[in-house]
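Fold and geometry: a report
Take a look at the letters that make up each chain.
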Amino acid sequence: MTGTPGRPVAARLLPWTSPEGKPCYLIGEGGGRVSRAADDVEDAQLDMAAGLLDHAADMLSDDRATAPQLHYLAARMAESLHQVCRVAESRGARLPAPESMN
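Residues numbered from 1 in each chain as written. Predicted model: local features only at pLDDT ≥ 70, side-chain atom pairs only at ≥ 80, totals over all residues. Heavy atoms only, no water.

1. Here's the deal with the pattern of salt bridges
In total, this model carries 7 salt bridges according to the counting rule given. As a salt-bridge pair, R76 and E79 come within 2.8 Å of each other at their nearest N and O atoms. Here E79 and R76 lie together in helix α2 (residues 67–93), a separation of 3 residues that amounts to about one turn. We classify R76 as partly exposed; its relative accessible area is 24%. Judged by its relative accessible area of 42%, E79 falls in the partly exposed class. Connected via shared salt-bridge partners are R12, D39, E42, D43, R91 and R94. (Salt bridge = Lys/Arg side-chain N within 4 Å of Asp/Glu carboxyl O. Helix = DSSP H or I, 4+ residues; strand = E, 2+ residues; numbered from the N terminus. Buried < 20%, exposed > 50% of the residue type's maximum accessible area, 1.4 Å probe, protein only.)

2. Looking at the environment of R91
Note that R91 resides in helix α2. Accessibility expressed as a relative area gives 33% for R91, which makes it partly exposed. The spatial distance from the C-alpha of R91 to the C-alpha of L13 is 8.4 Å, given a sequence separation of 78 residues. Setting aside its immediate chain neighbours within four residues, R91 contacts E42, D43 and L46. Engagement of the side chain of R91 in a polar contact is seen with the side chain of D43, the distance being 3.2 Å. (Contact = heavy atoms within 4.5 Å. Polar contact = N/O pair within 3.5 Å; in protein donor to acceptor, adjacent residues only side chain to side chain.)

3. Details of the nonpolar core
It is characteristic of soluble globular proteins that their nonpolar side chains tend to be buried jointly. Counting residues in hydrophobic clusters, the biggest one holds 5 residues: L52, A56, M59, A65 and L73. Sorting elements by how many residues they give to this core places helix α1 (residues 33–60) first, with 3 residues. If we skip the residues at most four places from it in the chain, M59 touches A65, Q69, L70 and L73. (Core = buried A, V, L, I, M, F, W, Y, C linked by side-chain atoms within 4.5 Å.)

4. Here we look at the pairing of strand β1 (residues 11–17)
As judged from the 4 bridges shared by β1 and strand β2 (residues 23–27), these two strands associate in the antiparallel manner. By the bridge assignment, T17 is partnered in β2 with P23. (Pairing = 2+ DSSP bridges.)

5. So, the packing of aromatic side chains
Following the criterion strictly, the structure yields 0 aromatic pairs and no others. Above the ring of Y72, the side-chain terminus of R76 is found at 4.4 Å from the ring centroid. (Phe/Tyr/Trp six-rings, centres within 6.5 Å; stacked < 30°, edge-to-face > 60°. Lys NZ or Arg CZ within 6 Å of the ring centre and 35° of its normal.)

Everything listed here is a matter of geometry and, on its own, says nothing about what the molecule does.
Dropping the structure here:
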C-alpha cells in the first residue's frame, strides 16, 4: 500500500486496544476522523500522566500518605506509564526515516 508516490503508508498504532486486548492499527494518511480521535486520546493520556506525576510528588512528600494510598498511586502510575509508552511507540514509528549520510 502506498500513499504519495514512492512513499508507503505506515500502520499507526492506536492508543486503544480491541475488546480482546489486541493492538489496533490505522492504515491511511493520518488526516481522518479516527486519526484525529487518536490524537485527542493520546493528548489526554499525556496530560493525565503529567497530572499524575504532580500528584505523586505531592503524596511522596507527605509523611502521612498511607500504604494503601501509595499502592493505589503506584497502580495508576503503572497504567499511565503503559499508555505513555504506547504513545511514544506510535509517534516514534511515524517519524520520517533519517536520510542516509554519504
